[in-house]
Amino acid sequence: MRILVIGGGGREHAIVKALSESRHAPELFCAPGNGGTAELAQNLPIDLEDPGNVVDLVRRIGGVDLVVVGPEAPLVMGVANLLAASGIPCFGPKAAAAELEGSKWFAKRLMLDHGIPTARAEVFENREAAGAYLADHGAPIVVKADGLAAGKGVTVARDLETAMHAIEECFSGAFGEAGEVVVLEDVLEGQECSLLAFTDGTTVLPMVPAQDHKRALDGDEGPNTGGMGAYSPVPVVDDATLAEMTAILERTVAALREQGVVYQGVLYGGFMLTAEGPKVLEFNVRFGDPEAQVVLPRLKTDLVDVMLAVASGTLSDLTLGWRDEAALTVVLASGGYPDSYEKGKPISGIEEAEAVPGVTVYHAGTKRGDNGTLVTDGGRVLDVTAVAPTLREARDRAYEAVSKISFEGMHYRTDIGMRALSEA
Ligand code: AMP
Ligand code: GLY
């Protein structure tokens, strides 16, 4: 069996690693991949700006049995449609379903139309109307660029000036087309939690919950990032809350199906656990990064079987098994991330880190330099992940492993999982 994974971050390394452990022993390709995937798969260069390149690549390597799409942008651009048209099985939703992440207003309208709990919101196509609504509504308020903005299009504004500035930024083209439409929504208070599910458009199988840490600095200070660390399970999520979140994902998939849209892939629900119960902050149409790095190591079921069942619409034949152990990942980032940072810094200590029991170091932004040394190649560089009987042990092992690794400018949060541990 031959499988091609699209993407090159920590999420894709975690996917490739899980696939490599399958009893099917698939031959793996990863495009573009990174220094970590290169150990388990054949890395292939690709320009993902054009989703047609994925189909061309599959042809060039003589066909595959499955394409797994890691990041959202190719999905929103219709890579799953192109693959389907060429008869190539794909794990990842078609463009109409990927609109759940591609347009915040599309997602919001679907939720409002189907009574799915979420923050109240309005949509605006010019700054005057948005400004008038803001003046009337007041702060705090959340300003969201409608389209894909690489995680930068959301501002939780505590005062009017910040909100006005964010609106201005969207309409002045800071996010390109993504900001031509702006969603203004009420602020929700509570803890955040991600629940991802596998779905073939009919059956929805939830994964285990995870909590991300989106801010760059300890104590949830500093700018928003793609995610600085995560852990699973999430003790604050009880069975009733989990059931509510699962029901929300099921209703979302069913609502799309009513519109003739069959969702095949991972549906990621970003929830705020409010006093009134879980409410949807956002949907993503793919695995979370770094959530995948703590969820996939807990999956007992063969990931190849799950992904083939999703792609072929036979997920009802499967049940998922999960390890009781906890997983926790600490992201090691380049100095300056999420703003500008330098690349090409030599990395040392990964072997020593992986000698700590239960530790896997997923590569997020690395590559092999000219002389074969591993160097930094992105904002998020490594995800140091530990699996252990308890969250506390996972945290201790992950940080012990972190202490073995170094590269110039390395930055990480020292408080991943702290909230869960202080509440436990
Ligand atoms: P999104 O891309 O929509 O998930 O937004 C990114 C982050 O902004 C979320 O993870 C939350 O931390 C925050 N956020 C988004 N919407 C809201 C909201 N309605 N209330 C409070 N925080 C929000
Ligand atoms: N960790 C957040 C995301 O993947 O969108």
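See the structure shown above.
From a predicted model like this one, the values you see are computed outputs, not experimental measurements.

### Some details on the pattern of salt bridges
Side chains that differ in charge, positive against negative, can pair when their charged atoms come close. One pass over the full model with this rule turns up 23 salt bridges. Arg23 serves as the salt-bridge partner of Asp305, at 2.8 Å between the closest nitrogen and oxygen. Remark: Arg23 occurs in the loop between helix H1 (10-20) and strand S2 (27-32) and Asp305 occurs in helix H11 (residues 303-312); sequence separation between them is 282 residues. On the basis of relative accessibility, which here comes to 62%, the residue Arg23 falls in the exposed class. For Glu282, the salt bridge goes to Lys214, with nearest N and O atoms at 3.7 Å.

### Things to note about the packing of aromatic side chains
Evaluated as defined, the whole model comprises six aromatic pairs. Judged by centre distance (5.1 Å) and plane angle (45°), the ring pair of Phe124 and Tyr133 falls under tilted.

### A few points about helix H7 (residues 127-137)
Taken together, the buried positions of H7 are Ala130, Gly131, Tyr133 and Leu134. Summarising the axial view, the buried residues of H7 lie within an arc of 165°, below the 170-degree limit, and thus occupy one face. H7 presents Glu128, Ala135 and Asp136 as exposed residues on the side facing more than 90 degrees away from its buried surface. As for H7, its buried residues are in contact with strand S6 (121-124), strand S7 (141-145), helix H8 (160-171) and strand S9 (182-185). Where H7 begins, the side chain of Asn126 points an oxygen toward the backbone nitrogen of Glu128, at a separation of 3.1 Å.

Basis of the calculations
- Residues numbered from 1 in each chain as written.
- Chains lettered and ligands numbered in written order.
- Predicted model: local features only at pLDDT ≥ 70, side-chain atom pairs only at ≥ 80, totals over all residues.
- Heavy atoms only, no water.
- Salt bridge = Lys/Arg side-chain N within 4 Å of Asp/Glu carboxyl O.
- Helix = DSSP H or I, 4+ residues; strand = E, 2+ residues; numbered from the N terminus.
- Buried < 20%, exposed > 50% of the residue type's maximum accessible area, 1.4 Å probe, protein only.
- Phe/Tyr/Trp six-rings, centres within 6.5 Å; stacked < 30°, edge-to-face > 60°.
- Arc of directions from axis to C-beta.
- Contact = heavy atoms within 4.5 Å.
- Polar contact = N/O pair within 3.5 Å; in protein donor to acceptor, adjacent residues only side chain to side chain.

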